[in-house]
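Geometric and topological summary
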Amino acid sequence: MNVLIHNGTILTLKNRKIIYQGAVAVEDKIIVDVGKTTELKRKYRRGYEKIDAKGKVIIPGFVNTHQHAAMSLLRGYADDLPLQEWLEKWIWPIEKLMTAHDIYIGALLTAAESIMSGVTTVNTMYHYMPEENEAKAFAEAGLRGVIGHVCFSWRKKEDRKALENLAKNWHNKVDGLIRVSVDPHAPYTVDPEYMKELKIVRDELNSKYGSEKAPIIWHTHIAETADETEKIKNAFNVQIRKGIMEYLDSLDVLDEKVVAAHCVALTDRDIAVMKKRGVKVSHNPVSNLKLASGISPVPQMLTENITVSLGTDSPCSNNTADMFDVMKTAALIHKGVNKNPTLLPAEKVLEMATIEGAKALLWENEIGTIEAGKKADLVIIDFKKPHLCPLHSEISHLVYAAKASDVETVIINGKIVMENRKITTVKIDSVMKEATKAKERLLMKLKANVK
């Protein structure tokens with residue numbers, strides 16, 4: 001499909017370049033040209049579907065680097081609880097009752113919600129089942145994603161089988177939209193030897209199914225709460241004195257293919273290790289605040305040139321897939337706690353939601369900026385709204401004032417997946433009905449189990 005988007009303001013996110021009265025030419029899946037409307041209209045006259053972006057802003061799609069997409073079925077189910085109680089008494093018991101179809105429907109709902117809020121790529125960690133799964137849901141919705149299987153010490157045999165099936169059947173498939181990852185849940189649920197084994201498994205899967213251009217990555221929760229060292233000690237009798245990252249580094253599992261979600265309770269030594277090993281970070285400020293986990297030392301990590309991206313976390317701990325909400329929270333919270341209004345300026349936060357997210361997923365050669373040669377993952381945002389008027393800075397408005405509902409059109413891999421607020425790939429009303437039915441079945445199962 002060939003598309004010419006014209007008359008818009010283009011935030012390329014490439015060296016912070018902005019093009020006013022700009023145009024983007026797309027052929028098949030690829031951006032072939034970016035420039036002034038007057039020039040591109042002369043070059044691309046025929047054979048292009050034209051989208052008039054007058055009064056609108058065009059950005060690269062948001063990259064959400066930490067999700068549990070299927071957990072949309074648990075949105076609002078267990079609110080206002082600390083992390084350990086939330087997981088052990090509420091989330092894990094009901095998750096055990098989820099079927100493959102439940103996981104697929106939950107992920108399909110999150111995929112639709114993500115697209116409607118301008119997200120074009122999602123890195124998700126959940127339980128993979130061959131029959132139906134998050135990969136199938138993302139593929140049907142047309143959402144780009146990294147699909148991971150979450151691993152625990154109590155089910156090693158099942159994990160190995162699931163990871164092989166996932167990588168074999170989904171990595172770099174669906175026209176390159178889907179990649180996969182190996183996902184140790186956390187250092188307190190994965191023992192030291194299994195951590196080391198999962199690093200080996202990732203490398204073996206990479207040699208079979210991955211490539212330098214499309215690697216299989218590692219995605220895990222690290223240092224989410226201040227008591228994590230105590231949890232590790234209680235679970236595996238491992239004494240940690242210098243920090244979680246140093247502990248993991250002693251296992252030789254940290255490298256540039258690691259995406260570490262949360263990274264709240266870090267020591268200075270942890271940050272030094274992360275910098276040395278090239279560990280990437282997914283900052284989840286909304287989820288961390290809701291669960292009272294703490295505030296990640298993002299300004300310090302940025303000072304050390306560590307790649308820090310943004311994630312929503314699950315629809316159960318956030319409770320949305322809205323990256324606008326995450327951007328604003330990230331920008332504000334670090335200013336407030338550090339009493340410094342210059343920290344995390346809007347321009348940097350927008351980069352964290354786009355190009356830095358692409359870097360975190362090792363996908364920056366294909367997505368994250370608007371430039372010729374990259375995949376056409378584009379979002380058109382309508383700025384003709386009272387809350388976006390008057391206009392002094394498009395970037396400021398995107399981070400501090402814009403809403404998910406301002407997203408008008410979304411293109412992923414060159415395909416229009418939402419146009420004028422209508423998703424073209426799935427029937428959203430049907431998805432919502434199926435999600436409601438799945439929720440009701442889960443609650444009935446839970447009630448029966450309790451009895």
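Reference entry: report on the structure contained in this document. Keep in mind that what you see is a predicted model, and the values were worked out from it rather than measured.

1. So, the overall build of the protein chain
Across its full length, the protein chain carries 16 helices and 17 strands. Compactness check: the protein chain gives a C-alpha radius of gyration of 21 Å against a globular reference of 22 Å for 451 residues, within 12% of the reference. Along the first, second and third principal axes, the C-alpha atoms of the protein chain reach 70 × 45 × 45 Å. For the protein chain, the residues scored as buried account for 62% of the 451 residues in total. Of the contacts made within the protein chain by residues no fewer than 6 positions apart, 72% connect residues no fewer than 24 positions apart. As displayed, the protein chain has an accessible area near 17900 Å², and 51% of this comes from carbon and sulfur atoms. Of the side chains in the protein chain, 63 bear a positive and 58 a negative charge, and the two mean positions are spaced by 3 Å.

2. Quick notes on a nonpolar patch on the surface
Residues Leu289, Ile295 and Val337 make up a contiguous nonpolar surface patch of about 230 Å² in total accessible area. With respect to the helices and strands, Val337 occurs in helix α12 (residues 323-338). Assessed through its relative accessible area of 45%, Val337 is described here as partly exposed.

3. Observations regarding the nonpolar core
Across soluble globular proteins, nonpolar side chains show a tendency to be buried alongside one another. Of all hydrophobic cores here, the largest spans 122 residues; its most connected members are Trp86, Phe138, Met245 and Leu398. When residues in this core are grouped by element, the largest group, 9 residues, is from helix α3 (residues 100-116). Listed in part, the 16 residues of the second largest apolar core include Val3, Ile5, Ile10 and Val26.

4. Quick notes on the pairing of strand β12 (residues 280-283)
Side chains of β12 alternate between two faces, with Lys280 and Ser282 and Val281 and His283 buried alike. Taken together, the 3 bridges between strand β11 (residues 258-262) and β12 define a ladder with parallel strand orientation. Bridge pairing links Val259 to Lys280 in β12. Between the parallel pair β11 and β12, the chain is carried across by helix α9 (residues 268-277), and the sense of this crossover is right-handed.

5. Concerning unusual backbone geometry
Across residues other than glycine, the phi torsion is negative in most instances, and most of the peptide bonds are trans. The omega torsion across Asn318 and Asn319 is 25 degrees, close enough to zero to call that bond cis. Mapped onto the elements, Asn319 comes out in the loop between β13 (308-310) and α12. Look at the link from Cys389 to Pro390: it is a cis peptide, with omega at -5 degrees. Tracing the backbone shows Pro390 in the loop between β14 (378-382) and α15 (394-400). Phi is positive for Asn15, close to 55 degrees, though the residue is something other than glycine. As for its position among the elements, Asn15 is in the loop between β1 (2-11) and β2 (18-27). Taking the relative accessible area as the measure of exposure, Asn15 reaches 69% and is therefore exposed. The backbone phi angle of Asp175 is positive, close to 60 degrees, even though this residue is not glycine. On the secondary structure map, Asp175 appears in the loop between α5 (156-170) and β9 (178-184). The exposure class assigned to Asp175 is exposed, which follows from its relative accessible area of 52%.

6. Points about the sheet that holds strand β7 (residues 119-126)
The pairing of strands in a sheet comes from backbone hydrogen bonds and takes either a parallel or an antiparallel form. Within the open sheet, the 8 strands sit side by side as β6-β7-β8-β9-β10-β11-β12-β13. Their pairing is parallel. With partners counted over all chains shown, the strands left at the sheet margins are β6 (62-67) and β13, one partner each. Adjacent strand axes in the sheet meet at a mean angle of 25 degrees, parallel and antiparallel pairs treated alike. Inspection of the sheet shows β6 paired to β7 by 4 bridges, in the parallel sense. Residue pairing in the sheet places Asn64 in a bridge with Val122 of β7.

7. Quick word on helix α4 (residues 134-141)
Among the residues of α4, those classed as buried are Glu134, Ala135, Ala137, Phe138 and Ala141. What you see down the axis of α4 is that its buried residues fit within an arc of 160 degrees, all on one side. Elements in contact with the buried residues of α4: α3, β7, β8 (144-151), α5, β9 and β16 (415-419). Where α4 begins, the capping side chain belongs to Asn133, and its oxygen is found 3.2 Å from the backbone nitrogen of Ala135. Count one or two residues on from α4 and you reach Gly142, which has phi positive near 80 degrees.

8. What about the packing of α5 against helix α6 (residues 192-209)?
Interaxial distance between α5 and α6 falls to 10 Å at its minimum, and their mutual angle equals 20 degrees. When the axis of α5 is compared with that of α6, the two are roughly parallel. For the pair α5 and α6, the crossing hand works out as right-handed. Counting all contacts with α5, which are made through Lys156, Asp159, Arg160, Leu163, Glu164, Ala167 and Lys168, the residues of α6 involved are Tyr194, Glu197, Leu198, Val201, Leu205, Lys208 and Tyr209.

Definitions and cut-offs
- Residues numbered from 1 in each chain as written.
- Predicted model: local features only at pLDDT ≥ 70, side-chain atom pairs only at ≥ 80, totals over all residues.
- Heavy atoms only, no water.
- Helix = DSSP H or I, 4+ residues; strand = E, 2+ residues; numbered from the N terminus.
- Rg over C-alpha atoms; globule rule 2.2 N^0.38 Å.
- Buried < 20%, exposed > 50% of the residue type's maximum accessible area, 1.4 Å probe, protein only.
- Contact = heavy atoms within 4.5 Å.
- Areas by Shrake-Rupley, 256 points an atom, 1.4 Å probe, with all protein chains shown as cover.
- Lys, Arg positive; Asp, Glu negative; His and termini not counted.
- Charge placed at Lys NZ, Arg CZ, Asp CG, Glu CD.
- Patch = residues over 30% accessible without salt bridge, like charges linked within 9 Å, V, L, I, M, F, W, Y side chains within 5 Å.
- Salt bridge = Lys/Arg side-chain N within 4 Å of Asp/Glu carboxyl O.
- Core = buried A, V, L, I, M, F, W, Y, C linked by side-chain atoms within 4.5 Å.
- Pairing = 2+ DSSP bridges.
- Right-handed = clockwise from strand over helix to strand, strands pointing away.
- Axes fitted to C-alpha atoms, helices over the stretch in contact; angles between N-to-C directions.
- Arc of directions from axis to C-beta.
- Polar contact = N/O pair within 3.5 Å; in protein donor to acceptor, adjacent residues only side chain to side chain.
- Parallel < 35°, antiparallel > 145°, perpendicular 65-115°, else oblique.
- Left-handed = near helix turned anticlockwise from the far one by under 90°.

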